[in-house]
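Geometric and topological summary
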Amino acid sequence: MWMINITDFSKRFGRENLFEDINLMYRPNKRVTLVGKNGSGKTTFLRCLGGQEDFSGTISIEDLKISMMEQENNFENLDKTFNDYLKDKKSKLEEKKKELEEKMGEPEAYETEEKFTELLDRYNLLLAGSSFNLEGADLIAILEKLNIQGPLLDKKISELSGGQKIKLRLAECLAKKADIYLLDEPTNHLDLETSEWLADYILENIPSLIVISHDRYFLNEIVDEVWKIEERKIKKYPGKYDKYEREEAKYLEILRIKFKDNTKRKEKLLASSKEKRDWASRAGSKTLRKLADRLQEEAENINLGINPEDLIVEMKINFTSKELHKCEIFRLTNITKKFENETLFKNITKEIEQGEKIAIIGANGAGKTTLLKIMRGDEEVSEGGIYKRKDLKIGYFDQELNDIERSQTVEEFLKKETGKGKAQLLSALSKFDFDKNFLEQPIQKLSGGEKGRLNLLRITMEDNEVLLLDEPTNNLDIHLKDLLENAIKKFPGTVIIVSHDRHFMDKVATRILEIKDQKIESFMGNYSQYKKLMWFFE
């Protein structure tokens, strides 16, 4: 039986150590989720397993095929088609394979057994992920299950929606007959129906899996083990995701009690030592001085343990607002939106009032993001009219930051967007767990989670009456999602969200707009209330 044996695994990213001396074994027929705060190294670890990143130590595999789905924002050339991407990816893997073969032919590779073993393990990992002959028929079969038409393979990637990109990534990954599948944020941008299909498909067809996801519902359906990245190590938790959350809460409470008791004991010993030392000085007693020294030494030897507060990253999300006008925010009157021969919705009349918290749902490609762009003024309607106040201040969250120059640095982007100086930017960065070096990073090098936090940071530095948020929870860790939920609830203005995160919509939505069959229907309440209503009518 095959297995993955990870020995003395370490990985640096720039000046930061992400992992140090990890020893871990993965046995087949386990569905594992990898969790940890944004920036802890989840995607990097998955890429190392898939042979896409260099590392120290060894990852040993034997006769194993690995299929990996990378995050959807990793497309390098948006002007190419998905078919072009597949060809380029195969070509790059062949180049890397050739490069490793050349290294293995050099005398330096045989200087030590350890050096050769590491090189051989990397070569085997690369082979495990590149030894597929992806037939078009296999890909088309999966695409059909995902309700994606084959011609989409020949469309430019820049013309695809977030959901379509994810579905193509999924189809590429699932069409390969592998021993283990590595999935990085597979439900991002997926409509709810496809997320449910994916969970069923995994349960029926994929017994061995390592997945990164921040979708609580999805994880609870599919995983039976949790690997948590913390303090550059990986800790295993057997069982479902909700069991992990309960175990983690218990663990933190034990740490909290131990830290509190040890701190109290240390303070008591130090106070007693000081008291005895004062007495010794007044009485000239060597005995009391020795007692004071012994008490101080005993206090200094106490190991306080881990302070659980140090494990919680303090981030603050607070959306500031202009003076609000208690009035209608948007009025859509008989609007229709078409793209060439495709009609997204037609003859729609809707009103949106000040203070509403609205979630827009619908299948991928139904027009959710397009509706947000119409409200913002980035898209024109084909027919009808949209009315809003001329000076309405709107904050817009675009997960991928597609409308900006990606080669600019974070500092250049934030200065241009907010008009703030470097000192103000540094202060804002600290609230989102970024250090000062983050300002120098080019936008195109940022991870999905970093882009998400950067976009949220930008919006918090603006005064807005309305927030239009397109998939704001994608790539955000669960702690940050909770902070975002609270910030939206406290924001006095109007919030309109496109989301497929059921838990998130339950927490923040007061109204649901569903785009389906070229119509937009309105339902009061959160997502669970909407689902109950749908079940009632079914």
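This one's a predicted model, so the numbers in the text were calculated from it and none came from an experiment. (Residues numbered from 1 in each chain as written. Predicted model: local features only at pLDDT ≥ 70, side-chain atom pairs only at ≥ 80, totals over all residues. Heavy atoms only, no water.)

1. Observations regarding the confidence of the model for the protein chain
Of all residues in the protein chain, 93% attain a pLDDT of 70 or more, and the chain-wide mean is 85. Model confidence for the protein chain, summarised as mean pLDDT per element, is weakest for strand E10 (residues 320-321) at 69 and strongest for strand E7 (residues 209-212) at 96. (pLDDT = per-residue confidence, 0-100. Helix = DSSP H or I, 4+ residues; strand = E, 2+ residues; numbered from the N terminus.)

2. Re helix H1 (residues 42-49)
Of all 8 residues in H1, 7 are buried; the element is thus mostly enclosed. Of the residues making up H1, those classed as buried are Lys42, Thr44, Phe45, Leu46, Arg47, Cys48 and Leu49. Once H1 ends, the next one or two residues include glycine 51, with phi positive near 75°. (Buried < 20%, exposed > 50% of the residue type's maximum accessible area, 1.4 Å probe, protein only.)

3. So, the pattern of salt bridges
Summed over the entire model, instances satisfying the criterion amount to 28 salt bridges. Between lysine 338 and glutamate 383 there is a salt bridge whose closest N-O contact spans 3.9 Å. You can see lysine 338 sitting in strand E11 (residues 328-339) and its partner glutamate 383 sitting in strand E14 (residues 383-387), a full 45 residues away along the chain. Residue lysine 338 is classed as partly exposed on the basis of its relative accessible area, which comes to 37%. What emerges from the salt-bridge pattern is a single network uniting Lys11, Arg47, Glu53 and Glu70. (Salt bridge = Lys/Arg side-chain N within 4 Å of Asp/Glu carboxyl O.)

4. Describing the packing of helix H5 (residues 162-174) against helix H6 (residues 192-205)
Axis angle and axis distance: for two packed helices, these are the angle between their axes and the distance between the axes, and together they describe the pair. With their axes 13 Å apart at the nearest point, H5 and H6 run at an angle of 10° to one another. One element, H5, and the other, H6, form an angle in the roughly parallel class. In the packing of H5 onto H6, the handedness of the crossing is left-handed. The segment H5 lies against H6, with Lys167, Leu170 and Leu174 engaging Thr194, Trp197, Leu198 and Tyr201. Tallied by class, the residues present in the contact of H5 with H6 amount to 5 nonpolar, 1 polar and 1 charged. (Axes fitted to C-alpha atoms, helices over the stretch in contact; angles between N-to-C directions. Parallel < 35°, antiparallel > 145°, perpendicular 65-115°, else oblique. Left-handed = near helix turned anticlockwise from the far one by under 90°. Contact = heavy atoms within 4.5 Å. Nonpolar A, V, L, I, M, F, W, Y, C, P; charged D, E, K, R; others polar.)

5. Observations regarding the sheet that holds strand E4 (residues 56-60)
Strand order across the open sheet formed by 3 strands is E2-E1-E4, with antiparallel pairing between neighbours. Bordering the open sheet on either side are strand E2 (16-26) and E4, each of which pairs with just one other strand. This sheet shows a mean twist of 20° between the axes of neighbouring strands, independent of strand direction. Two strands pair when backbone bridges link them, and strand E1 (residues 4-13) and E2 are joined in this way by 7 bridges, in the antiparallel orientation. The residue bridging phenylalanine 9 from the neighbouring strand is isoleucine 22, located in E2. (Pairing = 2+ DSSP bridges.)

6. A word on the environment of lysine 507
Note that lysine 507 resides in helix H15 (residues 502-508). Classification of lysine 507 by relative accessible area gives partly exposed; the value is 41%. Each C-alpha atom of the pair lysine 507 and leucine 182 lies 30 Å from the other, and the pair is 325 residues apart in sequence. What lysine 507 contacts, discounting residues up to four positions off in sequence, is Glu485 and Lys489.

7. Remarks on unusual backbone geometry
The phi torsion at aspartate 21 lies on the positive side, around 50°, for a residue other than glycine. By the secondary structure assignment, aspartate 21 is in strand E2. Judged by its relative accessible area of 48%, aspartate 21 is partly exposed. Notably, aspartate 517 is not glycine yet its phi reads approximately 55°, a positive angle. Mapping aspartate 517 onto the fold places it in the loop between strand E19 (511-516) and strand E20 (519-524).

8. Describing the sheet that holds strand E18 (residues 494-498)
Spatially, the 6 strands line up as an open sheet ordered E15-E17-E18-E13-E19-E20, and their pairing is mixed. Two strands lie at the open edges of the sheet, namely strand E15 (394-398) and E20, each paired on one side alone. Ignoring which end each strand starts from, the neighbouring axes of this sheet average 15° apart. Pairing between strand E17 (residues 466-470) and E18: 5 bridges, direction parallel.

9. Some remarks on the packing of aromatic side chains
As enumerated under the stated definition, the model contains 12 aromatic pairs in all. Centre to centre, the rings of phenylalanine 434 and phenylalanine 438 are 3.8 Å apart; their planes meet at 0°, and the pair counts as stacked. The burial state of phenylalanine 434 is the same as that of phenylalanine 438; both residues are buried. Ring pairs connect the aromatic residues Phe9, Phe19, Phe45 and Phe55, which therefore count as one cluster. (Phe/Tyr/Trp six-rings, centres within 6.5 Å; stacked < 30°, edge-to-face > 60°.)

10. A few points about the environment of isoleucine 6
Tracing the sequence through the fold places isoleucine 6 in strand E1. On a C-alpha basis, the gap between isoleucine 6 and asparagine 23 in space is 5.4 Å, while along the polypeptide they are 17 residues apart.

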